[in-house]
Amino acid sequence: MKKTLLLLPGPVPVAQPVLEAMAWPMINHRGREFADLLARLERQMKPLFGTENDVLFLGSSGTGGLEAAVANLFDPGDRLLSMPVGVFGKRLATIAKTFGCEVEMLETPLGAAADPHALAARLAADTERRIKGVLLTHNETSTGVQNEMAALAEAVRAHGALTVVDSVSGLGASRFEMDAWGFDVVVTASQKALAAPPGVAMVAVSDRGWEAMARARIARYYFDLPLTREFARKGQTPWTPPISVFYALGVALSRYHAVSLEENFARHSAYARAIRAAFEALGFTIFSRSDAHSVTVVAAEPPAGVDAATLLKTLRESYGVVLSGGQGELTGKIVRFGTMGDVSENDLLGAIGALELALADLGGSPRFGAGVAAAAQALTARAAAGVR
Ligand code: PLP
């Protein structure tokens with residue numbers, strides 16, 4: 001098989017020991033061994049969520065976790081406020097509409113982060129407290145934008161609406177403090193910053209969230225979170241779990257915790273800085289605004305005259321480097337370069353070198369070495385700061 005370098009914002013490269021865990025023998029999912037694994041996974045995830053609340057594990061991709069959040073917290077007819085900053089924020093709103101909620105959209109220009117003042121102002125105008133929930137995205141993978149979650153939490157606090165946060169492509173790559181910030185349901189997934197294969201969604205729920213779920217009457221079955229909690233307390237999941245992915249996630253999380261949280265956060269942000277520096281040196285325009293950069297994915301518009309789709313195809317077919325394109329209205333307009341997973345500095349520099357070759361293939365005036373030098377400088381600054 002041709003060697004490829006996967007630098008998508010998920011799924012991400014997975015280390016060999018994590019892959020090998022997928023080949024371990026099956027165990028009884030109603031036995032002691034599985035209960036121990038589940039308890040260990042929960043202990044490993046709590047610091048990433050910044051919570052002492054229950055963390056539940058669902059056999060699904062991230063979208064299943066988001067559906068679970070909506071389908072357990074709310075009732076049809078409930079009024080929700082959604083503040084999307086891209087495709088995934090809109091998808092969360094669509095899930096809520098599908099379950100019969102009335103969703104008001106508070107729009108943000110693409111490339112910008114959600115404005116906490118705009119959110120606070122809209123909620124302050126809701127003097128009758130008709131808005132029951134607020135839907136937020138921690139990291140918007142489609143635009144390479146990361147929201148300032150502490151400030152958004154603060155903007156909701158006085159109103160008291162329930163909060164759902166999509167942190168599918170955020171959690172594990174930067175600090176998240178669910179309890180301190182006061183979010184009610186936070187969702188992530190195995191195949192992003194946790195560097196495991198896809199197949200497990202994780203959902204953390206606050207006490208207020210559990211109280212709301214006990215009252216909600218919306219239809220749910222597979223993603224019944226109170227039932228999932230009941231089983232978790234016995235060391236089980238209600239349904240047969242994807243045991244192999246649970247194994248892999250356990251190994252991935254042990255690798256994650258082999259260094260401190262801070263080192264994990266610093267690695268993601270240094271990689272994102274290096275990629276941005278390389279893109280800029282090669283004439284790309286970074287899509288996210290300067291105060292809104294994601295640490296897990298960099299979105300950039302190619303230089304004038306370079307077609308994004310052709311560039312991605314050349315990179316993939318000639319150099320084995322797999323980056324993402326744009327989604328929704330950004331289709332064909334941007335490329336996206338992920339920082340997550342088992343990605344080394346060599347991988348980054350190699351992919352940026354391949355980007356230079358691909359640009360030259362497409363007839364651009366080659367600025368060989370400019371991207372690699374800019375990225376190397378950014379990475380060296382990190383080494384000088386003592387963070388590896
Ligand atoms: N939300 C965000 C921010 C994402 O990046 C993704 C996937 O890329 C999803 C939700 C959907 O997750 P999944 O594809 O695991 O269902």
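Residues numbered from 1 in each chain as written. Predicted model: local features only at pLDDT ≥ 70, side-chain atom pairs only at ≥ 80, totals over all residues. Heavy atoms only, no water.

### Focus on the sheet that holds strand 12 (residues 297-301)
Working definition: the strands of a sheet are paired by backbone hydrogen bonds and lie parallel or antiparallel to each other. Defined as follows: Two strands pair if DSSP finds at least two bridges between them. Helix and strand labels come from DSSP, where a helix needs a run of H or I of at least four residues and a strand needs a run of E of at least two; each type is numbered from the N terminus. When checking whether two residues touch, look at their non-hydrogen atoms; a contact exists if any pair is within 4.5 Å. As a rule, the C-alpha atoms of each element are fitted with a line to give its axis, helices using only the stretch in contact, and angles between N-to-C directions run from 0 to 180 degrees.
The antiparallel open sheet is built from four strands, whose spatial order is 11-12-15-14. This sheet does not close on itself; its edge strands, each paired only once, are strand 11 (285-286) and strand 14 (324-325). Looking at chain direction, strand 14 and strand 15 (residues 335-338) are connected through two bridges and run antiparallel. Of the residues in strand 15, the one forming a bridge with Gly 325 is Val 335. Helix 11 (residues 261-281) rests against strand 11, strand 12 and strand 15 of the sheet, and its axis sits at about 10° to strand 12.

### Details of the domain arrangement of the protein chain
Threshold: What counts as a domain boundary in this text is fixed by an automatic or database domain assignment. The term buried area refers to how much accessible surface (probe radius 1.4 Å) is lost by two components on association, counted for both of them together.
The domain boundaries assigned to the protein chain delineate domain 1 (5-9 + 260-384) and domain 2 (16-256). On a C-alpha basis, the centres of domain 1 and domain 2 stand 28 Å from each other. The interface is formed by 25 residues belonging to domain 1 together with 27 residues belonging to domain 2. Contact with domain 2 buries area across many residues of domain 1, yet Leu 261, Phe 265 and Gln 327 alone supply 23% of it, more than any other trio.

### Here's the deal with the site of the ligand
The condition is simple: Distances are taken per atom, and a residue is near a molecule or strand as soon as one of its heavy atoms is within 4 Å of it. Polar contacts, as counted here, are pairs of nitrogen or oxygen atoms within 3.5 Å of one another; within protein the pair requires one atom able to donate a hydrogen and one able to accept it, and residues that are adjacent in sequence qualify only if both atoms are side-chain atoms. Each accessible area is a Shrake-Rupley estimate made with a 1.4 Å probe; only the visible protein chains count as cover when residues are assessed. Each residue gets one of three labels, nonpolar for Ala, Val, Leu, Ile, Met, Phe, Trp, Tyr, Cys and Pro, charged for Asp, Glu, Lys and Arg, and polar for the others, Gly among them.
In the vicinity of the ligand, 13 residues are found, and the nearest of them are Ser 61, Thr 63, Thr 141, Asp 166 and Lys 192. Between the ligand and the protein, one listed contact pairs an oxygen atom with a side-chain N or O atom of Gln 191 at 2.7 Å. Within the side chain of Lys 192, an N or O atom sits 2.5 Å from an oxygen atom of the ligand. Within the complex, the protein chains bury 88% of what would otherwise be the 390 Å² of accessible surface of the ligand. Listed by contribution, the elements that provide at least two residues to the shell around the ligand are helix 3 (62-73) and helix 4 (87-98). Looking at which element gives the most residues to the shell around the ligand, the answer is helix 3, with three residues. Counted by class, the shell around the ligand contains three nonpolar, seven polar and three charged residues.

### Observations concerning helix 4
As a reminder of what qualifies: Under the convention used throughout, the expected extent of a helix is 1.5 Å for every residue step, that is, one less than its residue count. Burial classes follow relative accessibility: with a 1.4 Å probe on protein chains only, a residue under 20% of its type's maximum area counts as buried, one over 50% as exposed, and anything between as partly exposed. To obtain the arc, one takes the directions from the helix axis to the C-beta atoms.
Taking 1.5 Å of rise per residue, the twelve residues of helix 4 would be expected to cover 16 Å, and the 16 Å separating its terminal C-alpha atoms lies within 8% of that figure. Taken as a whole, helix 4 has its buried residues at Phe 88, Gly 89, Leu 92, Ala 93, Ile 95 and Ala 96. Buried residues of helix 4 fall within an arc of 155° about the axis and therefore sit on the same side. Gly 100 sits one or two positions beyond helix 4 and adopts a positive phi of about 90°.

### Quick look at helix 2 (residues 32-49)
Helix length check: helix 2, at 18 residues, gives a terminal C-alpha distance of 26 Å against a target of 26 Å (1.5 Å per residue), a fit within 8%. Of the residues making up helix 2, those classed as buried are Phe 34, Ala 35, Leu 37, Leu 38, Leu 41, Gln 44, Met 45, Leu 48 and Phe 49. Backbone geometry just after helix 2 places Gly 50 at a positive phi near 70°.

### A few points about the pairing of strand 12
Side chains on a regular strand alternate between the two faces of the sheet. Along strand 12, four of the five residues are buried, which leaves the element largely enclosed by surrounding structure. Relative to strand 12, strand 11 runs antiparallel, the two being bridged by two bridges. Bridge pairing in strand 12 places Thr 285 opposite Glu 301. Relative to strand 15, strand 12 is paired through four bridges, and the arrangement is antiparallel. Opposite Ala 299, over in strand 15, you have Arg 336 as the bridge partner.

### Notes on the packing of helix 3 against helix 4
Under the convention used in this document: For this classification, under 35 degrees means roughly parallel, over 145 means roughly antiparallel, 65 to 115 means roughly perpendicular, and everything else is oblique. Each crossing is labelled by how the near helix is turned from the far one, with a counterclockwise turn of less than a right angle marking it left-handed and a clockwise turn marking it right-handed.
Where helix 3 meets helix 4, the closest approach of the two axes is 9 Å, and the angle between their N-to-C directions is 45°. When the axes of helix 3 and helix 4 are compared, the pair comes out oblique. Classified by chirality, the crossing of helix 4 by helix 3 is right-handed. For the pair helix 3 and helix 4, the contacting residues are Thr 63, Leu 66, Glu 67 and Val 70 in the first and Arg 91, Leu 92, Ile 95 and Ala 96 in the second. Here the contact of helix 3 with helix 4 is built from residues that sort into five nonpolar, one polar and two charged.

### Description of the packing of helix 2 against helix 10 (residues 243-256)
Direction vectors running N to C along helix 2 and helix 10 enclose 40°, while the axes themselves pass 10 Å from each other. Looking at the two axes, helix 2 sits oblique to helix 10. In the packing of helix 2 onto helix 10, the handedness of the crossing is left-handed. Mapping the contact onto sequence places Phe 34, Leu 37, Leu 38, Leu 41, Gln 44, Met 45 and Leu 48 in helix 2 and Phe 246, Tyr 247, Leu 249, Gly 250, Leu 253, Ser 254 and Tyr 256 in helix 10. Looking at the contact of helix 2 with helix 10 residue by residue, the class counts come to eleven nonpolar, three polar and no charged.

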